[in-house]
Amino acid sequence: MRNSIKKTSQITEQRSQGRNLVFSHIRNNFQVARIDIANATGMSPATVTSITAELIAAGLIEEVQREVEPGQSKRGRPRVDLKLRGESHIVAGMKLTGRSISAVVLDLEGKQLGKAKVPMPRPPIDRTALCKLIPQVVETVSASAGVKPEDLSAVGIGLPGTIQATEGFVDWCPLFQEQEFNLKQLMEEIMPMPVFVENDANAVAIAELWFGFGRDVPDFLVVTIEQGVGLGIVLDGEIFRGTQGFGAEFGHTKVQSEGALCRCGQRGCLEAYVADYALLREANLFKHWEEGTSEEDRLVQLFAAAKEGDRMAKSIFDRASRMFSMGLANLVNLFDPAMVILSGEQMQFDYLYAQQVFDMVRSSTILKGHHEPEIRIHKWGDMMWAKGAAAFALEEVVRISLDQLGSAETSA
Ligand SMILES: [Zn+2]
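Residues numbered from 1 in each chain as written. Predicted model: local features only at pLDDT ≥ 70, side-chain atom pairs only at ≥ 80, totals over all residues. Heavy atoms only, no water.

(A) Structural context of the packing of aromatic side chains. Within this structure, the stated rule accounts for 7 aromatic pairs. Here Phe303 and Phe317 contribute two aromatic rings whose centre-to-centre distance is 5.3 Å and whose plane-to-plane angle is 75°, an arrangement assigned as edge-to-face. On the criterion of sequence distance, the pair formed by Phe303 in helix H9 (residues 295-307) and Phe317 in helix H10 (residues 311-335) is long-range, its members being 14 residues apart. A relative accessible area of 4% places Phe317 in the buried class. Taken together through their ring pairs, the aromatic side chains of Phe23, Trp210 and Phe211 make up a single cluster. (Phe/Tyr/Trp six-rings, centres within 6.5 Å; stacked < 30°, edge-to-face > 60°. Helix = DSSP H or I, 4+ residues; strand = E, 2+ residues; numbered from the N terminus. Buried < 20%, exposed > 50% of the residue type's maximum accessible area, 1.4 Å probe, protein only.)

(B) Seen up close, the side chain of Thr293. Relative to the helices and strands, Thr293 resides in the loop between helix H8 (276-283) and H9. On the basis of relative accessibility, which here comes to 14%, the residue Thr293 falls in the buried class. Excluding residues that lie within four positions of it along the chain, Thr293 makes contacts with Arg298 and Gln301. (Contact = heavy atoms within 4.5 Å.)

(C) Structural view of the sheet that holds strand S11 (residues 195-199). In space, the 5 strands of this open sheet follow the order S6-S5-S4-S7-S11, with mixed pairing throughout. Among the strands making up the open sheet, the edge pair consists of strand S6 (112-119) and S11. Along the sheet, successive strands turn relative to each other by an average axial angle of 20°, direction set aside. Packing of helix H6 (residues 200-211) onto the sheet brings it into contact with strand S4 (90-96), strand S5 (100-107), strand S7 (154-159) and S11, and relative to S11 it is tilted by some 105°. (Pairing = 2+ DSSP bridges. Axes fitted to C-alpha atoms, helices over the stretch in contact; angles between N-to-C directions.)

(D) Looking closely at the coordination of the zinc ion. The coordination sphere of the zinc ion contains the protein donors His252 (ND1), Cys262 (SG), Cys264 (SG) and Cys269 (SG), at a distance range of 2.0 to 2.3 Å. For the zinc ion, the 4 donor atoms are set out with angles of 102 to 122° between them, so the coordination reads as tetrahedral. For the zinc ion, the single-chain donor residues occur in sequence as H-x9-C-x1-C-x4-C. Placement of His252 in the loop between strand S14 (238-239) and helix H7 (271-274) and of Cys264 in the loop between S14 and H7 is noted, with a sequence separation of 12 residues between them. (Donors = N, O, S within 2.8 Å, 3.2 Å for Na, K, Ca; no water. Tetrahedral: all angles 85-135°; square planar, octahedral: opposite > 155°, others 65-115°.)

Structure representation (structure tokens):
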């Protein structure tokens, strides 16, 4: 008896892995024939046919006829491909920062249906304010996409800080007055759809996996270099979050013993050299700012001064890029990734991703003579973080849909 239960659960697990594999293969390849899925995954054509039938019935994928290429014979049966069914799930994603909240609505294929940017009250904000603010953003961004909040399959929220994504639990977020609370639960009590909460850099890594450079790359790292330094680790097609969900605090890895003081209270963290606040802290020592100059404008001015050859300004950026390349080299040495993606919205401060940085990374890794990881720069535009949060919501919605297929089969 026990054996047969074990066997059943093994089969169910195999089936569930098979569904995941088929779904991600279709997602990564945009449009693909069943036989090519079988060839690429090593599954039998019969298994692929039966799994794709389940995915079609669940509304996640659909059949499309492949267009005949010029010069090809039009005779014979037209080839049928499979692709994701965009309209099957529509989600909203939003990213909270100290200045604003950006939000998007995406469909399952990653098509952007709407976007919004609303001002954020000055942090730290309390739970009452959050309970007003987030549903308002959902309303606004839904309206921009011509849908109602009830039409959304889920909402994803991306936050800086330490988040236990599986629970939706905020352990620490610099934007909030109260810490250690379950944001997912709080939001699901007041909104009609499931809510998923993730660290902002992890969310961007999921967006790279779904719609970006990480498609079909099993192991890659995403380094986000705006508003601090973030890292998302993708291993075997899945986000690696560490045992408790706190993993990948790249900004707080140490690059200097007894070095500069970091916001986290420790010394010598990478962020304490590379983050906006760290650059300005140095600049404030010698530069005089006109009254009322915003931090963003100060950075732009500082960068312009460095480009014009200002020795002090240049030394700040030089040191930041040396520290950054040391941090990147450490990552490459730790993970031996196939690809490192440097992701940002604007990335106007090119000192962090100049050839000089990549050369320094290469000279500090142990991979010389072997395959070195490709370092790619991905300039996303202004909705990167929100798209990341939406990608996380899509991933969770699909995971739940696929799990439900599993339980339907078991109970049958
Ligand atoms: Zn730190």
